[in-house]
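As a plain string of letters, each chain reads:
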Amino acid sequence: MLDIADHDMQAFPQLRDVEPTDSGGRGLHLARQLSLDVGWYATVDAKHIWASFPAVTTTPEG
């Protein structure tokens, strides 16, 4: 799982339409495309956006 936090408590995460020339607003779209699940929660002084990814397993070569 990946958890990213920032302290901008005025803007909460939301999916929105973005244009190719927009400078932001793609984070949740990317997270939804690349992860198994994505969400967010707020603490007293930060908001956290999390994403879970499939476990990677390796097998010994031999």
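Here's what I pulled together on the structure shown here. Sequence order as written defines residue numbering, which begins from 1 separately in each chain. The predicted origin of the model limits local features to residues at a pLDDT of at least 70 and limits the giving and counting of side-chain atom pairs to 80 or more, whereas totals for whole chains, interfaces and linings rest on all residues. With hydrogens and water set aside, each side-chain value is computed from the structure's full complement of heavy atoms.

Another point: the pattern of salt bridges. Within this document, salt bridges are pairs made up of a side-chain nitrogen of Lys or Arg and a carboxyl oxygen of Asp or Glu, the two lying within 4 Å of each other. The tally for this structure, following the rule as stated, stands at 1 salt bridge. The partner of Asp6 in a salt bridge is Lys47, and the shortest N-O contact between them spans 2.9 Å. With a gap of 41 residues between them, Asp6 in strand E1 (residues 2–6) and Lys47 in strand E3 (residues 47–52) connect regions that are remote in the sequence. Per the convention used, a helix needs a DSSP run of H or I reaching at least four residues, while a strand needs a run of E reaching at least two, with both numbered from the N terminus.

Now for a nonpolar patch on the surface. Together, Leu2, Ile4, Leu30, Leu34 and Phe53 make up an exposed nonpolar region whose accessible area comes to about 490 Å². The set of elements that each furnish at least two residues to the nonpolar patch consists of E1 and helix H1 (27–34). Mapped onto the fold, Phe53 is located in the segment after E3. Assessed through its relative accessible area of 39%, Phe53 is described here as partly exposed. Each patch is built from salt-bridge-free residues with over 30% relative accessible area, joining like charges within 9 Å and nonpolar side chains (Val, Leu, Ile, Met, Phe, Trp, Tyr) within 5 Å. Methods summary: accessible areas were calculated by the Shrake-Rupley approach with a probe of 1.4 Å, and residue burial reflects only the protein chains presented. The buried label applies to any residue whose accessible area, calculated with a 1.4 Å probe on protein chains only, is under 20% of its type's maximum; exposed applies above 50%, and partly exposed to all values in between.

What follows deals with the pairing of E3. In terms of burial, E3 is a largely internal element, 5 of the 6 residues being buried. Sheet topology places E1 next to E3; 5 bridges connect them, and they run antiparallel. If you follow Ala5 over to E3, its bridge partner there is His48. Pairing of strand E2 (residues 37–42) with E3, which is carried by 6 bridges, proceeds in the antiparallel orientation. Pairing of Tyr41 across the sheet is with His48, part of E3. Taken together, E2 and the strand that follows it, E3, pair antiparallel across an intervening segment of 4 residues. Whether two strands pair comes down to DSSP finding at least two bridges between them.

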